[in-house]
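Coordinate analysis (summary)
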Amino acid sequence: MTVLAGLRVLDLTLAWAGPLAGRFLGDLGAEVIHIERPSGRAGPRHNDARPPWQWGELPAPATRAAVYPDDEPGERPWNRSGVFNKINRNKRSLCLDLKHPDGAEVFRRLVAVSDVVVENNSARAMPGLGFDYAALQAINPRLVMLSMPGFGTTGPYADWLSLGPILEAASGLAGVTGYPDGGPLKLGVAFPDAIGGLHATVAIMAALWEREETGRGCFVDLSQQETYAAIGGDLILAASMLGRDPERLGNRSAVHAPQGVYPCAGEDTWVAITVRSDREWRAFRSLLPTSTLSVGSFDTLASRQAEHDAIDEAVATWTRTQSSWEVTERLTSLGIPAAPALTNADLVNDPHLASRAFFVEIDQPDVGVRRFPGFPIHFSETPVREFRGAAPLGADNETVLRDLLDMSADEIAELEAGGVLRSEPRLT
Amino acid sequence: MAGAYCSRLLAGCGADVVQVESTEGHPLRLSPPFVRWEEDGQAPRTVSAAYEYLGAYKQGAIIDWDTPDGAAALDALARTATLLISSREVGGPAKGLARVLEAHPHLVHVVTSPFGLGGPYADRPASDLTDWAVSGYLYVTGDADRPPVQGGGPWCGYAAGLTAAIGGIGAALYARRTGQGQTVDVGTMEAMTNLHQWSFVLYTHQGVVKRRAGNRHAESFHPVGFLRCKDGWVCIGALGPAVWEAFCIAVDMPELITDARFATAADRFDHGDELDRLLAPWLEARERDEIVKFLQERRVLAGRVLTPLEVIDDPQLAARDFWVTPEHLGPAARMPGLPFRLGEPPAFRSAPDAGEHTEAVLREAELAPAKIRRLSAVATAARLALG
């Protein structure tokens, strides 16, 4: 048994932040129904000038076009996107036109028999469809609903559009990442989406706990700008008290020296090292060739910070002739934190992650078996072991409407004929 | 860090959180960023902004659970507790903690650590920097021709704390239904490895190693990223054909739409330098506030690149009452409250002084009065020593 068995979630999410929340709930055992839009490519113009379903062109349902197996879109590219399939496993797919009155009616009936609605559309989308929380709560008072537009559902920017790097910028945190001699720098992955999706999941779970106490659901208004700023709460608090911004430290630390990312043998191969104490420094120093650090003993943090450049040079001379794993083994065996800068390929093949069964093989319709990241939480009594591949677009149309809403085959066929239910995108 | 953010979130959502410190003090008290702080009429002291932020909304007790009184105190608290959150200790939990867990099978024990409770790296030392390295984020962050760069804060720990909160509440819901507690094991490496958008499918579907691309959004998007303007930097997100076309029209360069070099997002990424050169005059003639407002009004995704100090003045965050003011840290101090609205916002409670609520929480736990007296004395002495 899993921790959310028996819970039903309607997931109206796009891109990454929202789908991550839905996926957590699905992995934890909830029945997640991913309600997808039938619309095809976003722009009606220049259809002929561009290959359809190319990565980066983001047709809606967004991200059903990205990273195909072997770079081959295949017959049904919308079912072959690695990005989409990764983030939408353990969900059923209902492709439903909510703008059609019959589609809206199906949605309202689903709300009546569900526990959670989660969505990350722009702030005007759900109210525009007539699905604000007041309307949905009138159907189901136990409903928990979470909306997570980039800037929240209220305030002067409520209507603004966003994506991860914009939130990274607007939260104040991109300003502290980067080279000391450079400007602000974005992380190589759209981290705000991840942080927004995690907070959304926490908020939904907290609302479910609250519902156990009160018997009533509630609305959660989540701003992804706020959730990202929240992980910089310590930096922002310090800046507010000091009246100045933190220095951009690059790879250094305010309290440990030396700390850095050093080159190793091999192309673009790096090792991260943090020396946390005078004791660790003495142990580390004994490994470095004496010729490279002739002046001073650097026995105090202050002296190491003052001569950090010279120490970095000596450390790099030493690391450059070794593999990042050799350096890591030597230093960690002395209790000094060190680790290779792992690539995506390294991680997929990493022995530690393998021993914890982190990457899993998933048999994906229209794709076949591929490896995907699994689940990061290890429960001793309710382990997460089930990984069902993302459903092909609209694969569950019939079963959802039949099993949950008692609709007849004729009624369902009528919705299909009217284009309210689809199993192929409607290209505009 | 991870456990502290996990419990801050739970406290912000209304849970009654008691932060249990040893007589040596919570390790976060020794974590940067530090602020030298002077209160009226008192000697200046240095406070950890990390402690003040992460300790907020919690009560604090000093209990050394490896003493008989401390073990009894922890046992009394455990009786009515739902969750026990701790960091992994090498060699397993200390005796006092292990005994409490055994005696209270209803407890959900959330354990945070760099690498989880088992596996070949479990005993390895770690730092904020190595967290970035083993999560795959370090390698892909920075300029292609320079060394990789870490994120500017200990955000891997925060992500692990969020992941732990999900596991903790999930297991608590299960325990509520079944009476059965369990161990919830969350390692930062896995918590972070879980948070890649397409890094891994790029490899498992196409065999491609993801690389650094500076302020551009690899592998196939442009312009998505940070661009210089007159008074700083803006982030523009012109992805997808409709937004790209709206962007070209907004910046009055409709000719870009039909330029073969920029036909698709991938083409634009491959010709990023050329495109940025063409956009530079428009951007450098305008200030970031003006650019962002102008583009957003035309449904083009954009945002200002702010620093921590600047974000405090952001009108959106102010309008949503995002900031709380910890008055004990002076009139200028601001920190985030709870970053989502779940019913009424929680009443702010500043991070506890060491052991501040020892007596109160033990009285509520109905520990024997003599033990409370002795533990309170220990807590007071420790608090004085910690200054």
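Just above, that's the structure.
The present account deals with the structure reproduced in this document. (Residues numbered from 1 in each chain as written. Chains lettered and ligands numbered in written order. Predicted model: local features only at pLDDT ≥ 70, side-chain atom pairs only at ≥ 80, totals over all residues. Heavy atoms only, no water.)

Listed by partner, the interface residues are 154 residues for chain B and 161 residues for chain A. With both sides pooled, the region where chain B packs onto chain A buries about 13500 Å², and carbon together with sulfur makes up 66% of that total. Taken together, chain B and chain A are joined by 12 salt bridges. E329 of chain A is the salt-bridge partner of R124 of chain B, the closest N and O atoms lying 2.8 Å from each other. Where chain B packs against chain A, one counts 65 residue pairs in polar contact (both at pLDDT 80 or more). (Contact = heavy atoms within 4.5 Å. Buried area = accessible area lost by both parts, 1.4 Å probe. Salt bridge = Lys/Arg side-chain N within 4 Å of Asp/Glu carboxyl O. Polar contact = N/O pair within 3.5 Å; in protein donor to acceptor, adjacent residues only side chain to side chain.)

For the rest of this paragraph, the subject is the packing of aromatic side chains. All names here are of chain A. Enumeration over the complete set of coordinates arrives at 24 aromatic pairs over all chains. Between F151 and Y157, the ring centres sit 5.6 Å apart and the planes meet at 90°, which makes this aromatic pair edge-to-face. Exposure remark for Y157: the relative accessible area of 10% places this residue in the buried category. Geometrically, the ring pair formed by Y157 and W160 is stacked, given 3.9 Å between the ring centres and 5° between the ring planes. (Phe/Tyr/Trp six-rings, centres within 6.5 Å; stacked < 30°, edge-to-face > 60°. Buried < 20%, exposed > 50% of the residue type's maximum accessible area, 1.4 Å probe, protein only.)

This part is about the nonpolar core. By size, the foremost hydrophobic cluster in this structure holds 174 residues, and its most contacted members are F191 of chain A together with W155 and L295 of chain B. Top element by residues in this core is helix α7 (residues 155–178) of chain B. It accounts for 14 residues. With residues near it in sequence (within four places) discarded, F191 of chain A still touches Y228 and I231 of chain A together with W132, Y137, W155, A159, M192 and L195 of chain B. Ranked by size, the runner-up nonpolar core spans 28 residues in total, among them A104, V111, Y133 and L405 of chain A. (Core = buried A, V, L, I, M, F, W, Y, C linked by side-chain atoms within 4.5 Å. Helix = DSSP H or I, 4+ residues; strand = E, 2+ residues; numbered from the N terminus.)

For the rest of this paragraph, the subject is a negative patch on the surface. Residue and element names in this part refer to chain A. Together, D102, D410, E411 and E414 line one region of the surface with negative charge. With 3 residues, helix α17 (residues 409–417) is the largest single contributor of residues to the negative patch. For D102, the position within the fold is in helix α3 (residues 101–112). Assessed through its relative accessible area of 40%, D102 is described here as partly exposed. (Patch = residues over 30% accessible without salt bridge, like charges linked within 9 Å, V, L, I, M, F, W, Y side chains within 5 Å. Areas by Shrake-Rupley, 256 points an atom, 1.4 Å probe, with all protein chains shown as cover. Lys, Arg positive; Asp, Glu negative; His and termini not counted. Charge placed at Lys NZ, Arg CZ, Asp CG, Glu CD.)

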